[in-house]
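A structural walkthrough
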Amino acid sequence: MTWESVIGLEIHVQLATKSKLFTAAPVGYDAEVNALVDPVVLGMPGVLPVINREAVTMAMKVGLALGCTINPTSVFARKHYFYPDLPKGYQISQFEAPICTGGALWADVNGEERLFELTRIHMEEDAGKTVHDASRGCSFVDYNRAGVPLIETVSEPCMRSAEEAVAYMKALFQIVRALGVCRGNMEEGNFRCDANVSVRPLGEERLGTKVELKNINSFRFVGRGIAHEVERQIAVIEGGGEIRQETRLWDDAAGVTRTMRTKEEAHDYRYFPDPDLMPLRIDSAWIDAVRQSLPELPRERRARFERDLGLGSYDADVLTQSSARADYFESVYASVGDAKLVANWIQGELLAQLNREGLEIESSPLSADKLATLLTLISKGKLSGKQAKACFQAMFKEGISADVWMKNHGGQITDAAEIDRIVLTVLDDNPDQVAQYLGGKEKLMGFFVGRVMAATKGRANPASVNASIKRLMKERM
Amino acid sequence: MSEINLDASASELLRAMDAGELSCLELTQESLARIDALDASMNAWLHIEGEGALAQAAELDARRSAGESLGPLAGLPIGVKDMICTAGMPTTAASKMLEHFVPPYDATVVRRLKDADAIILGKLNMDEFAMGSSNERSAFGPVRNPWSPERIPGGSSGGSAAALAAGTCALSLGTDTGGSIRQPASLCGVVGVKPTYGRVSRYGAIAFASSLDQVGPMARSVEDAARLLDVLSGHDPLDSTSIPAPGCDTLSTLKNSIAGLRVGVPSEYFSEGIEQEVDSAVRAALETLKSLGCDIVDVSLPHTPYAVAAYYILATAEASSNLARYDGVAYGHRSAEAAPLDAMISATRAEGFGPEVTRRLLLGTYALSSGYYDAYYLQAQKVRTLVANDFRDAFKRCDIIVGPTSPLAAIGLGERTSDPLQMYLMDVYTIPSNLAGLPCASMPCGFDDKGLPIGLQLIAPSMGEATLMRLAHSYEEASAWRGERPDLETLKKAGPPPGARKPRSQGEGA
């Protein structure tokens with residue numbers, strides 16, 4: 001039998017606000033344990049939540065970028081369960097009335113643009129972190145993360161392969177980064193994914209029993225975890241078994257998923273509207289203001305790079321992987337004017353060098369302005385390709401400017417008279433080789449070019465040297 | 001030092017201090033001395049901030065003699081219900097769960113008291129987490145009613161009412177979720193006001209049922225309560241349910257005439273459970289209002305019989321959520337049974353909560369459970385809307401509603417503790433105005449033949465505090481009840497009530 005997998009993703013995005021979702025305590029990632037707390041974060045008796053307007057604006061940005069309906073009224077609800085890192089015994093979330101509904105996301109699946117539908121986006125607060133110390137037989141809780149604003153983006157069960165799921169996740173990641181609403185550090189947990197996975201015979205309309213897959217917080221884990229879970233489910237059914245509705249954890253080291261809790265162990269969250277918070281009202285003026293503030297999204301930018309700048313789809317794709325990268329490109333392009341040259345240099349030299357040093361383009365030691373001075377020299381023919389690479393290394397590593405490097409090393413010699421003069425000297429110094437060349441041994445061309453290059457320390461324009469040698473030889477025939 | 005009359009109104013005490021006849025220090029010392037003399041028997045005070053209060057009083061006297069202008073409550077000793085957080089001062093909610101809890105923050109109302117130069121004398125006993133109508137549900141023992149020491153003071157703000165009736169403080173704060181200010185005010189012969197929902201900040205008031213809870217003033221006179229209400233009320237950005245409007249100004253119109261006001265009398269508030277003497281006292285008060293120029297009109301609040309049932313769904317549901325935070329992890333009681341986690345949390349809650357709180361948490365948890373939510377919680381919300389509509393319709397025909405606060409005067413200690421349902425019915429007249437979020441008050445309107453106070457309840461339309469206090473003041477002026485004081489010698493001789501103990505709050509850091 002042929003099986004079809006059905007996948008929906010729930011992705012939690014930590015919003016890059018200055019303060020927490022319901023109080024002024026700061027959001028941060030490098031602080032001492034339990035430094036980013038206040039009585040509201042700790043859920044102390046009598047304290048009350050007050051919604052962070054910046055977080056709402058960020059959630060609206062994502063909703064508008066994905067074409068969601070921004071609901072004029074949404075309601076915060078309490079989701080109850082007991083766990084030490086949940087200070088109030090409930091999480092403030094949204095249940096029946098989320099801030100955004102509908103919407104869709106374009107993603108590139110193996111070079112093909114595909115549209116995936118969203119169910120909703122809702123806002124909620126993050127929990128703290130529990131650390132179990134087995135050696136001391138106790139647990140510790142760090143509440144720094146507690147109360148950090150999250151949006152949960154919930155897709156329809158509209159993906160049919162692990163590959164599509166990864167493409168969807170990457171596309172969403174790019175968008176939230178481009179919108180500036182998420183730091184985008186997966187290790188920090190800024191962007192976390194759960195998947196609902198089921199399988200059914202191809203052609204069947206009814207959905208199979210779903211399994212919720214957790215601990216897949218990287219593109220790689222999503223890809224491998226889902227692929228494996230699909231295989232497991234098919235094997236269970238083909239072996240005559242049934243899929244249990246449950247939550248499973250991906251164990252990447254072992255390459256298997258394991259039961260975390262079964263349906264019988266699932267919580268009754270006892271959702272009800274939070275009486276401490278009024279319904280969240282968003283008027284059209286607010287929506288319009290947020291819409292106006294939206295930056296160009298990666299997909300639009302990619303299309304513009306191809307259409308207006310004549311870049312190939314691969315180049316455009318690489319350059320729009322992050323807003324910072326695309327901004328860098330556009331800044332260099334504005335000064336240099338040769339899109340292909342700029343694209344080649346950013347991809348070839350700059351990204352490779354950054355990658356070697358483990359740096360992001362935001363923290364590149366070579367600024368866009370400086371790279372632009374180098375590329376301008378190249379486009380005017382003042383540096384050879386080889387020189388340009390040496391100059392780039394010096395600029396990147398030693399921080400010297402292109403002009404200083406030129407002064408120290410000299411630019412490219414393109415002046416025909418000067419090249420002729422050097423060529424003549426070389427010919428005069430090597431009469432035997434000249435005689436052999438004139439006798440038909442044209443392979444000696446390389447010998448003469450090499451001598452000229454040695455004499456100019458590689459600064460002579462190779463094409464001009466070639467032309468000069470041929471012309472001056474002719475005169476001696 | 002002249003003879004200090006601790007039973008005088010706060011307004012009279014303020015006047016005496018302004019006139020230089022009385023110092024803040026003298027008043028504070030006398031109040032502490034009376035607490036010292038009475039409270040072993042009364043058990044109203046869970047914590048006494050003696051040294052802090054004396055230091056603050058001395059400082060106020062110095063500021064006054066330096067010619068500084070002082071706040072509107074300057075030098076008045078005030079007791080705060082132990083449901084309300086006070087920075088650096090134990091706040092227990094009369095629960096073993098928070099016996100050692102010392103909050104690092106002030107409730108907004110406490111900050112307002114401090115800004116007004118009131119002297120916070122200490123914290124007052126109550127039913128645990130404000131769940132009770134008799135003050136018998138405190139983890140630290142019941143409070144005696146100063147008028148009759150073998151009887152309840154009412155609840156849950158029983159300590160706040162008794163402390164005032166016994167003259168141990170000039171003002172007090174209570175909280176009211178289903179009658180917890182008005183019913184003890186009624187049973188102890190003092191004035192208590194529950195403001196419009198959202199008028200007074202809830203920030204720092206420990207939550208019982210968030211959509212119903214309000215902090216309010218308690219006092220020995222209407223003018224005192226008005227003065228305190230004006231200080232407490234006003235928008236607070238820390239409370240999202242706080243009404244974005246300036247605070248009340250009830251004092252400036254307090255003495256205006258009430259002639260021509262239409263007073264609505266709901267027949268449902270004189271139903272079969274009401275004591276004959278309560279009925280008579282309230283009807284006599286209505287006659288007094290008539291003589292003051294009010295028009296008495298009959299109104300109907302037909303959904304009153306369903307209010308108690310709806311309330312016990314909504315309040316317990318919210319409580320089951322609000323009290324989920326007491327898990328023994330970050331603060332509060334933690335069971336010695338430390339592992340595994342689930343067992344630690346279960347044992348902590350079983351040990352920390354008393355039987356009435358446990359009963360209500362179970363009820364509320366059930367009401368919110370999957371599959372029952374629609375039948376209980378949503379249905380109760382619909383009843384709530386109907387109850388609010390009753391009032392809306394009634395206020396088309398009248399400006400204010402008047403009736404009894406409690407169907408009964410104070411009952412004996414222990415008389416109804418074994419029958420929770422009978423106890424819940426004590427609040428039958430007070431609950432509807434919480435469900436509707438309306439401002440309301442209780443004030444003395446006489447005594448029964450045992451000498452027990454009877455309370456008159458006034459209910460105004462939303463934001464109608466000025467009318468509420470004006471009518472209350474006119475009635476008070478026209479009636480003779482304010483001069484009556486309990487016999488404190490009998491109270492003193494009663495001895496500690498059964499189960500009384502002080503919290504061992506030795507400053508667990510938060």
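Keep in mind that what you see is a predicted model, and the values were worked out from it rather than measured. (Residues numbered from 1 in each chain as written. Chains lettered and ligands numbered in written order. Predicted model: local features only at pLDDT ≥ 70, side-chain atom pairs only at ≥ 80, totals over all residues. Heavy atoms only, no water.)

1. A few points about the overall build of chain B
Each helix and strand counted, chain B has 16 helices and eleven strands in total. Scaling as 2.2 N^0.38, a compact globule of 510 residues should have a C-alpha radius of gyration of about 24 Å, and chain B matches this with 21 Å. Principal-axis analysis of the C-alpha atoms places the extent of chain B at approximately 65 × 55 × 45 Å. In chain B, buried positions account for 65% of the 510 residues. Counted over contacts in chain B with a minimum sequence separation of 6, partners at least 24 positions apart contribute 76%. Summed over its atoms, the accessible surface of chain B is roughly 16700 Å², and 52% of this surface lies on carbon and sulfur atoms. (Helix = DSSP H or I, 4+ residues; strand = E, 2+ residues; numbered from the N terminus. Rg over C-alpha atoms; globule rule 2.2 N^0.38 Å. Buried < 20%, exposed > 50% of the residue type's maximum accessible area, 1.4 Å probe, protein only. Contact = heavy atoms within 4.5 Å. Areas by Shrake-Rupley, 256 points an atom, 1.4 Å probe, with all protein chains shown as cover.)

2. Remarks on the packing of aromatic side chains
Residue and element names in this part refer to chain B. Scanning the entire structure with this criterion turns up 30 aromatic pairs over all chains. An angle of 45 degrees between the planes, with centres 5.1 Å apart, marks the rings of F129 and Y326 as tilted. Here F129 is found in the loop between β3 (119-124) and α5 (158-165), whereas its partner Y326 is found in the loop between α9 (304-322) and α10 (341-352), with 197 residues between them in sequence. According to the relative accessible area criterion, F129 is buried, its value standing at 0%. Among the residues examined, Y326 registers a relative accessible area of 2% and is labelled buried. Ring centres of Y311 and Y312 lie 4.9 Å apart, and the angle between their planes is 80 degrees; on these two criteria the pair is classed as edge-to-face. You can call Y311 buried: its relative accessible area is 3%. (Phe/Tyr/Trp six-rings, centres within 6.5 Å; stacked < 30°, edge-to-face > 60°.)

3. Things to note about the side chain of E349 of chain A
All names here are of chain A. With respect to the helices, strands and loops of the structure, E349 is situated in helix α8 (residues 339-357). There is no salt bridge for the buried E349, and the closest opposite charge comes from K389, which lies 4.1 Å off by N-O distance. When sequence neighbours within four positions are dropped, the list of residues in contact with E349 reads N344, K389, F392 and Q393. (Lys, Arg positive; Asp, Glu negative; His and termini not counted. Salt bridge = Lys/Arg side-chain N within 4 Å of Asp/Glu carboxyl O.)

4. Quick look at a nonpolar patch on the surface
Among the surface-exposed residues, Y366, Y372 and Y376 of chain B lie close enough to one another that they form a single nonpolar patch of about 280 Å² accessible area. Looking at the element boundaries, Y366 of chain B is found in helix α11 (residues 355-367). (Patch = residues over 30% accessible without salt bridge, like charges linked within 9 Å, V, L, I, M, F, W, Y side chains within 5 Å.)

5. Describing the state of the cysteines
Using the criterion set out here, one finds zero disulfides over all chains in the structure. The thiol sulfur of C68 of chain A is not disulfide-bonded, and the nearest other cysteine sulfur, from C100 of chain A, lies at 4.9 Å. On the basis of relative accessible area, C68 of chain A is assigned to the buried category, the value being 8%. With no disulfide of its own, C24 of chain B lies closest to C169 of chain B among cysteine sulfurs, the gap being 16 Å. We classify C24 of chain B as buried; its relative accessible area is 0%. (Disulfide = S-S within 2.5 Å.)

6. Description of the sheet that holds strand β5 (residues 90-94) of chain A
Strand order in the open sheet formed by three strands is β5-β4-β16 (chain A), and the pairing between neighbours is antiparallel. The sheet is open, and its two borders are formed by β5 and β16 (272-273) of chain A, each paired with just one other strand. Two elements, strand β4 (residues 76-80) of chain A and β16 of chain A, share two bridges in a ladder whose sense is antiparallel. Bridged to A77 of chain A within β16 of chain A is P273 of chain A. Relative to β4 of chain A, α9 of chain B is tilted by about 65 degrees, and along the sheet it contacts β4, β5 and β16 of chain A. (Pairing = 2+ DSSP bridges. Axes fitted to C-alpha atoms, helices over the stretch in contact; angles between N-to-C directions.)

7. Focus: unusual backbone geometry
Residue and element names in this part refer to chain B. Omega for the peptide link from G155 to S156 comes to 5 degrees, which places this bond in the cis form. Structurally, S156 can be placed in the loop between β3 and α5. With a phi angle near 65 degrees, N43 is a residue other than glycine that sits in the positive phi range. Of note in this structure, M463 is not a glycine but carries a positive phi near 70 degrees. Relative to the helices and strands, M463 resides in the loop between β11 (453-459) and α15 (465-478). A relative accessible area of 33% places M463 in the partly exposed class.

8. Points about helix α10 (residues 385-398) of chain A
All names here are of chain A. Between its first and last C-alpha, α10 extends 20 Å over 14 residues, near the 20 Å set by a 1.5 Å rise per residue. Residues of α10 that are buried include every one of Q387, A388, C391, F392, A394, M395 and F396, and no others. Residues of α10 that are buried in the fold lie against α8, α9 (368-379) and α11 (402-409). A positive phi of about 75 degrees marks G399, the residue just after α10. (Expected span 1.5 Å × (residues − 1).)

9. Points about helix α2 (residues 162-178) of chain A
Between its first and last C-alpha, α2 of chain A extends 24 Å over 17 residues, near the 24 Å set by a 1.5 Å rise per residue. Among the residues trailing α2 of chain A, G180 of chain A stands out with phi positive, at a value near 70 degrees.

10. Remarks on the packing of helix α12 (residues 416-429) of chain A against helix α14 (residues 445-456) of chain A
Geometrically, a packed helix pair is captured by the angle between its two axes and the distance between the axes. Residues and elements named next belong to chain A. At a minimum axis distance of 10 Å, the contact between α12 and α14 shows a crossing angle of 120 degrees. In terms of orientation, α12 lies oblique with respect to α14. Crossing handedness for the pair α12 and α14: right-handed. Across the interface between the two elements, I422, V423, V426 and L427 of α12 pack against F448, R451, V452, A455 and T456 of α14. Here the residues of the contact of α12 with α14 sort into seven nonpolar, one polar and one charged. (Parallel < 35°, antiparallel > 145°, perpendicular 65-115°, else oblique. Left-handed = near helix turned anticlockwise from the far one by under 90°. Nonpolar A, V, L, I, M, F, W, Y, C, P; charged D, E, K, R; others polar.)

11. Topic: the interface of chain A and chain B
Listed as interface residues are 32 residues of chain A and, on the opposing side, 41 residues of chain B. Roughly 2800 Å² is buried in total at the junction of chain A and chain B, and carbon and sulfur atoms are behind 61% of that figure. Its largest share of buried area at the contact with chain B, chain A owes to P45, F82 and R270 of chain A, together 23% of the area lost on that side. Counting the contacts that link chain A with chain B gives one salt bridge. For the interface between chain A and chain B, the tally reads 14 residue pairs in polar contact (both at pLDDT 80 or more). For the side of chain A that touches chain B, the secondary-structure elements that each account for two or more residues are β4 and β16 of chain A. Grouping the amino acids of the side of chain A that touches chain B by side-chain chemistry returns 23 nonpolar, four polar and five charged. (Buried area = accessible area lost by both parts, 1.4 Å probe. Polar contact = N/O pair within 3.5 Å; in protein donor to acceptor, adjacent residues only side chain to side chain.)

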